[in-house]
Amino acid sequence: MCGIVGYVGQRDATEVLLGGLARLEYRGYDSAGIAVQSERGFAVRKRSGPLPRLVSALAEDPARGTLGIGHTRWATHGAPSDTNAHPHSSEDGQVAIIHNGIIENYLGLRSELESAGHRFASETDSEVLVHLIEDAYRGDLVQAVRGALGRVRGAYALVVAHAAHRSIVAARTVSPLVLGVGAGEMFLASDVPALLPYTRQIVFLHDGDIAEIGESGYAVWALAGAPLQRSAVTVDWTSEAAERGGYPTFMLKEIYEQPAALLNTLGGRLHDESGEVVLELSTDPGRIDRIQIVACGTAYHAGLVGKYQIEQLARIPVEVEVASEYRYREPVVDPRTLVIAISQSGETIDTLEALRQARRGGAQLLAIVNAKGSSITREVGDVLYIHAGPEIGVASTKAYTAQLAAVLLLALWLGRSRGVLDAARGAEVLAELRRLPLLIEQVLQPERVQAVREVATRFASSRNYLFLGRGINAPSALEGALKLKEISYIHAEAYPAGEIKHGPIALVDSELPVFVVATAARLLDKTRSNIQEVAARRGQVIALLSDGDTLGVPVAAELRVPKTAELVSPLVNAIPLQLLAYYSAEALGRDADKPRNLAKSVTVE
Ligand code: AGP
């Protein structure tokens, strides 16, 4: 997650920017930087590492002014360095930008700009934007930003300042940005906490908005140009509520953070022109004969999905096992076995001990982790960070979808490196991965969320649920059941849909909601017959379908998600499953952030 702050007014901009970045510290730091407007252009100070490093750099070499932009990033990709830190400046020093997100087509744009004579200072995709804006600028900064954004594909939060303008331009798609309204001054930030010491008049920008802030106020347009009315609201949040971003719980905030979190998981790792995934791993794909994945809970479900992806794309046999079982048996491993641990916290003792067991057997070790520098990351040869940002809610949501994306990146990387996945198929899957942040945004649109909320409320008094799924979505059913159990305390079971007639169908009666993940067109006929079996016994079927698919069977409820490739469908299907659990818990008055008997990280055996 990144922290962005901007200011224009009469105050010392450096003080406002540093204070704002410090208040976003629950997002953590990996590099930080500010650009403050001066007579000649901008004073830019940026350092890799935590914010205090930037503060001491500014103590030695202050930046004075009353207009500026500031940025901090949590666990960025690639070697964080001073040059890769934001803000990025144009060659003439007149433009400074901050960007969070993915520029999907940056490689092509970069070579076009370099052949036109532009010289790049960093290896980031973001820097493309400052060169495009410099080229497009003819005196109107908003127009120049609009022109640059018209050239790029991707999702972003973008903030731009120009030496000749007493204003700052901001634009967002997927990644959040808010404006703060003051008297004779204006603020902007990626999240509300940064602004509360100065103002509680907040303007929440929407996807596709472009805004300009100045001392006299602000204006907002659609990217296409039409002026928009975005009124300020008064937020009376406490600072903790502000960290929840105004959401009632961290869990709901983290459900809605998933598009932005995915941008951070994917950012810097997808090169679609070449169809390649770039992962800084020392693991040699040629030295792997088989893979064992060890994890617990939701992370284990991510491993089950990963099995389908790795076996399909990299043609390596994969076993997935609950870590607490793996660690107590004598697993058969050797130096050509890659054991992968998946863990959000990186502290789960069962997963840690399973890794140690694998190491004793001589296996290669790799971890897919969220929490930087956690215990598990110190036990393995390679770490693939998911960059989902801090996950506070006990029930794992954004970390799950980020784990799924990370495993798919690994499957692509293994397949391409071993020469078993051709570039065309690799690029196809890559394009599907890129669509995900925007697709998940669509699943989080109010009407779709409301449809899930109505189903959750309708069945909240049920004593049991059954979840069914097929193929790569059989683990989705397991994850839906776990989410529901752990925060609403409703008992739930999950089965591969084809298994229901081998016993579980005896459970079906008119009191039993049966949630069927039926988004894969390829398997819809088969799943349709399972649904008919349940409906014939008066089971209350809740069918999760892809837009455009027709079930043709009368069911209690139909929920829909955008159509996606089967390989990435578990990431999209996770959202309605999370929301079903969340709104069931809400209907029952449960504490979704701190469910009974549970802890965020199970560091005891
Ligand atoms: C998931 O919602 C639960 N909180 C739990 O199953 C969790 O996934 C499990 O404890 C593993 O945690 P980890 O990812 O931090 O290792």
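Anyway, here's the lowdown on the structure attached to this text. None of the values given here were measured: they were computed from a predicted structure.

1. Concerning the overall build of the protein
Alright, step 1. Per the secondary structure count, the protein includes 17 helices and 27 strands.
Alright, step 2. Against the globule reference of 25 Å for 605 residues, the protein gives a C-alpha radius of gyration of 25 Å, in line with a compact fold.
Alright, step 3. With respect to the principal axes defined by its C-alpha atoms, the protein has extents near 75 × 55 × 45 Å.
Alright, step 4. Counting the 605 residues in the protein, one finds 62% classified as buried.

2. A closer look at the nonpolar core
Nonpolar side chains in soluble globular proteins generally cluster together in the buried interior.
Alright, step 1. Counting residues in each nonpolar core, the largest one holds 97 residues, and the members touching the most others are Ile291, Ile310, Ile368, Leu410 and Phe467.
Alright, step 2. Ranked by residue count, the leading element in this core is helix α12 (residues 398-417), at 14 residues.
Alright, step 3. Excluding residues that lie within four positions of it along the chain, Ile310 makes contacts with Ile291, Ile293, Arg315, Ile316, Val318, Val407, Ala411 and Leu414.
Alright, step 4. By size, the runner-up hydrophobic cluster in this structure holds 28 residues, among which are Leu21, Leu195, Val235 and Ala242.

3. Focus on the side chain of Ser375
Alright, step 1. Inspection of the secondary structure assignment puts Ser375 in the loop between β21 (364-369) and β22 (382-385).
Alright, step 2. The exposure class assigned to Ser375 is buried, which follows from its relative accessible area of 17%.
Alright, step 3. Excluding anything up to four places from it in sequence, Ser375 contacts Gly346, Glu347 and Leu352.

4. As for the site of the ligand
Alright, step 1. Close contacts around the ligand come from 15 residues, with Ser343, Gln344, Ser345, Thr348 and Glu486 the closest.
Alright, step 2. Residue Thr298 places a main-chain N or O atom 3.1 Å away from an oxygen atom belonging to the ligand.
Alright, step 3. Residues belonging to the shell around the ligand are distributed by class as follows: 6 nonpolar, 7 polar and 2 charged.

5. Some thoughts on helix α1 (residues 13-23)
Alright, step 1. The element α1 is extensively covered by neighbouring structure, given that 8 of its 11 residues are classed as buried.
Alright, step 2. Within α1, the full set of buried residues consists of Ala13, Thr14, Val16, Leu17, Leu18, Gly19, Gly20 and Leu21.
Alright, step 3. Buried residues along α1 sit against β1 (2-8), β2 (31-38), α2 (51-60), β4 (67-73) and β10 (186-189).

6. Considering the pairing of β4
The side chains of a regular strand alternate between the sheet's two faces.
Alright, step 1. Of all 7 residues that make up β4, 7 are buried, and the element is covered over most of its length.
Alright, step 2. Burial along β4 is two-sided: the face carrying Leu67, Ile69, His71 and Arg73 and the face carrying Gly68, Gly70 and Thr72 are both buried.
Alright, step 3. As defined by bridge partners, β1 adjoins β4 across 7 bridges and the pair is classed as antiparallel. When the bridges of β4 are listed, Gly3 appears paired with Thr72.
Alright, step 4. Across 6 bridges, β2 lies against β4 in antiparallel orientation. Bridging from a neighbouring strand, Ser31 pairs with Arg73 of β4.

7. A look at the side chain of Thr298
Alright, step 1. For Thr298, the location among the structural elements is in helix α9 (residues 297-314).
Alright, step 2. Classification of Thr298 as buried rests on a relative accessible area of 8%.
Alright, step 3. Each residue touching Thr298, except ones within four places of it in the same chain, is listed here: Ser396, Tyr400, Gln403, Glu479, Leu482 and Lys483.

8. Quick notes on the sheet that holds β22
Alright, step 1. In spatial order, the strands read β19-β18-β20-β21-β22; together these 5 strands make up an open sheet with parallel pairing. Lying at the two open borders of the sheet, with one neighbouring strand each, are β19 (318-322) and β22. The average undirected angle you get between the axes of adjacent strands in this sheet is 20°.
Alright, step 2. Against the sheet, α9 makes contact with β18 (290-295), β19 and β20 (337-343), and its axis sits at roughly 175° relative to β19, the strand it touches most.
Alright, step 3. Across the sheet, helix α11 (residues 349-360) lies against β18, β20 and β21, angled at about 170° from β20, the strand it touches most.

9. Considerations on the pairing of β21
Alright, step 1. By the criterion of burial, β21 is predominantly enclosed, with 6 of the 6 residues buried.
Alright, step 2. Taken together, β20, α11 and β21 constitute a β-α-β crossover, and its handedness is right-handed.

10. Comments concerning unusual backbone geometry
Alright, step 1. Following His86, the chain continues to Pro87 via a peptide bond in cis, the omega torsion being 5°.
Alright, step 2. Assignment of secondary structure puts Pro87 in the loop between β4 and β5 (88-89).
Alright, step 3. Notably, Val174 is not glycine yet its phi reads approximately 80°, a positive angle.
Alright, step 4. Mapped onto the secondary structure, Val174 falls in the loop between β8 (167-173) and β9 (178-181).
Alright, step 5. Looking at Val174, the relative accessible area reads 4%, which means it is buried.
Alright, step 6. If you check the backbone angles, Arg315 has positive phi at about 55° while not being a glycine.

11. Description of the pattern of salt bridges
Any two side chains of opposite charge can pair, given that their charged atoms come close.
Alright, step 1. In the structure shown here, the tally under the stated rule is 31 salt bridges.
Alright, step 2. Notably, a salt bridge pairs Arg329 with Glu321, separated by 2.5 Å at the nearest N-O pair.
Alright, step 3. Its salt-bridge partner being Arg356, residue Glu379 comes within 2.8 Å of it at the nearest N-O pair. Of the two residues, Glu379 sits in the loop between β21 and β22 while Arg356 sits in helix α11, which places them 23 residues apart along the sequence.

12. A closer look at the sheet that holds strand β27 (residues 557-561)
Alright, step 1. In spatial order, the strands read β24-β23-β25-β26-β27; together these 5 strands make up an open sheet with parallel pairing. Each of the sheet's edge strands pairs with one partner strand only, and the pair in question is β24 (491-496) and β27. If you compare each strand with its neighbour and ignore which way they point, the axes differ by 20° on average.
Alright, step 2. Sheet topology note: the strand β25 (residues 513-517)/strand β26 (residues 540-546) ladder contains 5 bridges and is parallel. Paired with Val514 across the bridge in β26 is Val541.
Alright, step 3. Against the sheet, helix α14 (residues 446-458) contacts β23 (464-469), β26 and β27, and its axis sits at roughly 150° relative to β27.

Conventions used here
Residues numbered from 1 in each chain as written. Predicted model: local features only at pLDDT ≥ 70, side-chain atom pairs only at ≥ 80, totals over all residues. Heavy atoms only, no water. Helix = DSSP H or I, 4+ residues; strand = E, 2+ residues; numbered from the N terminus. Rg over C-alpha atoms; globule rule 2.2 N^0.38 Å. Buried < 20%, exposed > 50% of the residue type's maximum accessible area, 1.4 Å probe, protein only. Core = buried A, V, L, I, M, F, W, Y, C linked by side-chain atoms within 4.5 Å. Contact = heavy atoms within 4.5 Å. Near = heavy atom within 4 Å. Polar contact = N/O pair within 3.5 Å; in protein donor to acceptor, adjacent residues only side chain to side chain. Nonpolar A, V, L, I, M, F, W, Y, C, P; charged D, E, K, R; others polar. Pairing = 2+ DSSP bridges. Axes fitted to C-alpha atoms, helices over the stretch in contact; angles between N-to-C directions. Right-handed = clockwise from strand over helix to strand, strands pointing away. Salt bridge = Lys/Arg side-chain N within 4 Å of Asp/Glu carboxyl O.

The quantities given are spatial measurements derived from coordinates; they are silent on function.
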